[in-house]
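Each chain is listed here by its residues.
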Amino acid sequence: MAEIRIRSTNERISGEENVRAFLDNQEVLYEHWDASKLPAELHNKFVLSDEEKQTILSTFDSEIRDLAARRGYQIWDVISLSDATPNIEELLKKFEQIHTHTEDEIRGIVSGRGIFIIKGDEETGYFDVELEAGDVISVPENRAHFFTLMDNREIIAVRLFIEKDGWIATNIEDPSFTK
């Protein structure tokens, strides 16, 4: 289940309803899928063949199509990241830049863990959303954020897009952000 850490106060928010209420207030979509649907042989496998990625998409097809129909997403894929991913350090450096997109950034976590760092309203400032299997989040377009791995450095996520070119990141400098 997702957990939130408000960076300015180190306050933690946990519990599905509390997390959902906080994120709703920040205009960030949060839902939960049944991650136990994932075939057992894929639960802790972070190097995937194209066939295994297709199995993941088929497993969560109804959830993906429901979300796509409600939010206007047109295409989707699976991303898998771990220490076995070629050029993982370069990818993480790219991911760990504060940026915005002209469309929502969506992740449906099906295995492993990851974290979105998102700029909230003026009172809240930046907050972390720690995600695990089953958590689905959509960061609104034009919202400053970035996504990275947690200490386990393993994740499999479904990503949904409106445009066929996916998310084009516009990096920004924000002096209010501190790592």
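Being a predicted model, the structure only gives us computed values, none of them experimental.

A short note on the pattern of salt bridges
This structure, assessed with the given rule, holds 17 salt bridges. Notably, a salt bridge pairs arginine 159 with aspartate 77, separated by 2.7 Å at the nearest N-O pair. You can see arginine 159 sitting in strand β10 (residues 155–161) and its partner aspartate 77 sitting in strand β4 (residues 75–81), a full 82 residues away along the chain. Judged by its relative accessible area of 24%, aspartate 77 is partly exposed.

Here's the deal with the nonpolar core
Core analysis: the largest hydrophobic core is formed by 26 residues, its most contacted members being Ile4, Leu23 and Val129. Residues in contact with isoleucine 4, not counting those within four places in the same chain, are Glu11, Arg12, Ile13, Val19, Phe22, Leu23, Phe127, Asp128 and Val129. By size, the runner-up hydrophobic cluster in this structure holds 22 residues, among which are Leu29, Leu57, Phe60 and Trp167.

Comments concerning the confidence of the model for the protein
For the protein, the mean per-residue pLDDT works out to 92, and 99% of the residues sit at or above 70. When pLDDT is averaged over each element of the protein, strand β2 (residues 12–13) comes out on top at 98 and helix α4 (residues 88–95) at the bottom at 81.

So, how was this worked out
- Residues numbered from 1 in each chain as written.
- Predicted model: local features only at pLDDT ≥ 70, side-chain atom pairs only at ≥ 80, totals over all residues.
- Heavy atoms only, no water.
- Salt bridge = Lys/Arg side-chain N within 4 Å of Asp/Glu carboxyl O.
- Helix = DSSP H or I, 4+ residues; strand = E, 2+ residues; numbered from the N terminus.
- Buried < 20%, exposed > 50% of the residue type's maximum accessible area, 1.4 Å probe, protein only.
- Core = buried A, V, L, I, M, F, W, Y, C linked by side-chain atoms within 4.5 Å.
- Contact = heavy atoms within 4.5 Å.
- pLDDT = per-residue confidence, 0-100.

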